[in-house]
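Structure at a glance
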Amino acid sequence: LRTISGAPWYMTNHQIHNDLQIPFVKEVVTRMATAYEQRLHRHPNIEAIRLLEAPSTRRLKRKYPSDLI
């Protein structure tokens with residue numbers, strides 16, 4: 001965003017995002033994960049609803065979309 005907008009080096013990322021009215025990536029991912037979870041609650045397929053259950057082992061992944069909410 002800094003390069004695209006030609007913002008000087010001393011402007012903070014927060015200022016650039018606010019001025020351009022563009023949300024941070026984390027905010028977008030959180031909003032999309034929440035919407036996905038809500039859609040799963042209303043899904044007619046039982047297997048899709050079972051995706052909401054926490055897995056018994058986490059293995060190598062540290063975060064799941066449900067952790068972002």
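Residues numbered from 1 in each chain as written. Predicted model: local features only at pLDDT ≥ 70, side-chain atom pairs only at ≥ 80, totals over all residues. Heavy atoms only, no water.

Let us now look at the overall build of the chain. Scanning the chain for helices and strands turns up four helices and zero strands. Sequence-ordered secondary structure for the chain, helices as α and strands as β, is α-α-α-α. Taken across its 69 residues, the chain has 9% of its residues classed as buried. Excluding contacts between residues fewer than 6 apart, the proportion of contacts in the chain whose partners are at least 24 apart in sequence is 17%. (Helix = DSSP H or I, 4+ residues; strand = E, 2+ residues; numbered from the N terminus. Buried < 20%, exposed > 50% of the residue type's maximum accessible area, 1.4 Å probe, protein only. Contact = heavy atoms within 4.5 Å.)

Note on placement: His17 falls in helix H2 (residues 13-20). Side-chain polar atoms of His17 contact the backbone oxygen of Ile22, separated by 2.9 Å. Setting aside its immediate chain neighbours within four residues, His17 contacts Leu1, Ile22, Pro23 and Phe24. (Polar contact = N/O pair within 3.5 Å; in protein donor to acceptor, adjacent residues only side chain to side chain.)

Here the focus is the packing of aromatic side chains. Aromatic ring pairs: the centre-centre distance and the angle between the two ring planes describe each pair. This model, assessed by the stated rule, comprises one aromatic pair. Taking the centre distance of 5.7 Å and the plane angle of 85° together, the rings of Trp9 and Tyr10 count as edge-to-face. In terms of burial, Trp9 and Tyr10 fall into one category: exposed. (Phe/Tyr/Trp six-rings, centres within 6.5 Å; stacked < 30°, edge-to-face > 60°.)

Attention now moves to unusual backbone geometry. Backbone geometry at Gln21 places phi at a positive 55°, although glycine is not the residue there. In this fold, Gln21 is placed in the loop between H2 and helix H3 (25-41).

The predicted model of the chain averages 83 in pLDDT, with 78% of residues at 70 or higher. Mean pLDDT across the elements of the chain bottoms out in helix H4 (residues 46-50) (83) and peaks in H2 (93). (pLDDT = per-residue confidence, 0-100.)

For the rest of this paragraph, the subject is the pattern of salt bridges. With the rule as written, the count across this model stands at one salt bridge. Among the ionic pairs, Arg50 bridges to Glu47, the shortest N-O distance being 3.5 Å. Within this pair, Arg50 and its partner Glu47 are both found in helix H4, separated by three residues, close to a single helical turn. Accessibility expressed as a relative area gives 45% for Arg50, which makes it partly exposed. (Salt bridge = Lys/Arg side-chain N within 4 Å of Asp/Glu carboxyl O.)

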